[in-house]
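# Geometric and topological summary
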Amino acid sequence: MANSWRRERWDSLRLLTPSWQSRLPGLRYEGPEPDGYMTVGEVTEFIERFAKVSGAPVRTGVNVTSVRQADGGYRLATSQGELHARTVVIASGACNEPSVPAFSPAVPASVEQLTPFGYHDPAQLPGGGVLVVGASATGVQLAAEIQRSGRPVTLSVGEHVRLPRTYRGHDVLWWMETSGVWNQRYDEVEDLTRARRLPSPQLAGTAGRTTLDLSALASMGVGLVGRWAAVREGRALFSGGLRNVCSLADLKMERLLDAFDEWGRTGGHDAEAGPPERFAPTRVPEPARLQLDLRSGEIRTIVWATGFRPDYGWLDVPVVDAKGQLRHEGGVVDSPGLYALGLPVLRRRKSTFICGIEDDARAVTGHLARFLAAGS
Ligand SMILES: Cc1cc2nc3c(=O)[nH]c(=O)nc-3n(C[C@H](O)[C@H](O)[C@H](O)COP(=O)(O)OP(=O)(O)OC[C@H]3O[C@@H](n4cnc5c(N)ncnc54)[C@H](O)[C@@H]3O)c2cc1C
């Protein structure tokens, strides 16, 4: 239980969602710091507590090795024998494996490579320079922590989502939730494929509620380079589009803040918040480096913070597309009696966050119950 939080997170990680936002059906955070951010240990305890409160018959330590259609339902092979079920809910997570670019084998062997699953804390890294690849939640958090450890960090930045930690006196995720942005339904989103691929926001849960955007990292001495495009003769080649991706992220953040302000004005919420704020454009180095010789010794370690992907190697039902994603409509998978939960924008923008599961689960289990009733 809480396996991913026990085994697949680094030591210093805290949720980027504030504790008041951590809620599961029938369980809310009731600790002393609702505006703080839970540690990995606290998240694990929270999930364990939920298992007790819900009274669900949980069986832990069971690995499902195959699910196939059989006898009007599904036959499951597991590490503890076979099961038959008329319906199956796939809640195996969106982040089972780190995803790493195809060119990673071309990195010279003298450079150590790590993913967030193998990373625990900076002390495990050799001294010397570290190239962190990817500037979403994982990348910015690891870049900050490693730079603070005295290892000079270069951060390779592709498309990203910039957000301030707080806006007009509230956590930015308070705005996301109360303004309804996070509640937007999947069938109201203009470009659903794109929304489902959106990287995680540049946010970290710190005691001082500090913003961890690229300008903050640059102030700490982190070097910013563009998206890593290729390795040629031992050199990392970066895109020249750093300024553009930063301008785009600045623009999108401005639009989102405009939407919050508009909601505040029209909905009569201005009294609950401070005055509107605007933030300086991202400070982009001029010129940004376009290549880095990986044989020179400047970089001793690469940390791939290039995202995660699900693993459906055990699913023997033809419902996974060429990109490795499950085909589903709001969690109703393209095979009768098969359902999914916990995937990006499954039914709402908040679907992959802890606070998003309740509404999604209600809708999906409602469909499941009707399916069972119709067949009985
Ligand atoms: C680095 C990181 C930081 C995050 N930070 C936040 C945050 O701040 N706030 C927030 O709300 N959310 C955060 N999330 C998202 C978070 O993962 C989800 O909110 C939550 O963990 C999703 O729960 P889940 O049960 O859907 O998936 P998971 O937590 O991934 O759980 C899936 C479970 O299924 C198991 N499983 C997979 N395949 C099989 C199989 N074949 N047989 C048996 N079991 C299997 C896995 O072992 C795992 O235990 C973060 C995610 C990551 C990766």
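Values in this document were obtained by computation on a predicted structure and should not be read as measured data.

Helices and strands together make up the secondary structure of the protein chain, namely eight helices and 21 strands. Taken over C-alpha atoms, the radius of gyration comes to 22 Å for the protein chain, in line with the 21 Å a tight globule of 376 residues would show. Taken over 376 residues, the protein chain has a buried fraction of 44%. A sequence separation of at least 24 residues applies to 67% of the contacts in the protein chain between residues at least 6 apart. Summing over all exposed atoms, the protein chain offers an accessible surface of approximately 18200 Å²; the carbon and sulfur share of this is 51%. If the 43 positive side-chain charges of the protein chain are averaged to one point and the 42 negative ones to another, these points end up 2 Å apart.

If you check the shell around the ligand, you find 21 residues, and the closest are Asn3, Ser4, Leu16, Thr17 and Ile354. In this structure, an oxygen atom belonging to the ligand sits 2.7 Å away from a side-chain N or O atom of Asn3. Within the contact set of the ligand, a nitrogen atom lies 3.5 Å away from a side-chain nitrogen or oxygen of Trp314. Across the complex, the protein chains shield 76% of the 980 Å² of accessible surface that the ligand would expose by itself.

Before going further, it helps to spend a moment on the environment of Ile302. When you line up the elements, Ile302 lands in strand β17 (residues 299-304). Since its relative accessible area comes to 0%, Ile302 is described here as buried. Put simply, Ile302 and Arg232 are 70 residues apart on the chain and 16 Å apart in space, counted from C-alpha to C-alpha. With sequence-adjacent residues up to four places away left out, Ile302 is seen in contact with Val107, Val111, Glu112, Gln113, Leu114, Leu131, Val133, Trp228 and Leu294.

Under the definition given, this model contains 26 salt bridges. Across the pair Arg235 and Asp293 runs a salt bridge whose closest N-O atoms are separated by 3.9 Å. Of this pair, Arg235 sits in strand β15 (residues 235-238) while Asp293 sits in strand β16 (residues 291-293), placing them 58 residues apart in sequence.

Quick notes on the rules
Residues numbered from 1 in each chain as written. Predicted model: local features only at pLDDT ≥ 70, side-chain atom pairs only at ≥ 80, totals over all residues. Heavy atoms only, no water. Helix = DSSP H or I, 4+ residues; strand = E, 2+ residues; numbered from the N terminus. Rg over C-alpha atoms; globule rule 2.2 N^0.38 Å. Buried < 20%, exposed > 50% of the residue type's maximum accessible area, 1.4 Å probe, protein only. Contact = heavy atoms within 4.5 Å. Areas by Shrake-Rupley, 256 points an atom, 1.4 Å probe, with all protein chains shown as cover. Lys, Arg positive; Asp, Glu negative; His and termini not counted. Charge placed at Lys NZ, Arg CZ, Asp CG, Glu CD. Near = heavy atom within 4 Å. Polar contact = N/O pair within 3.5 Å; in protein donor to acceptor, adjacent residues only side chain to side chain. Salt bridge = Lys/Arg side-chain N within 4 Å of Asp/Glu carboxyl O.

These figures capture arrangement, not role.
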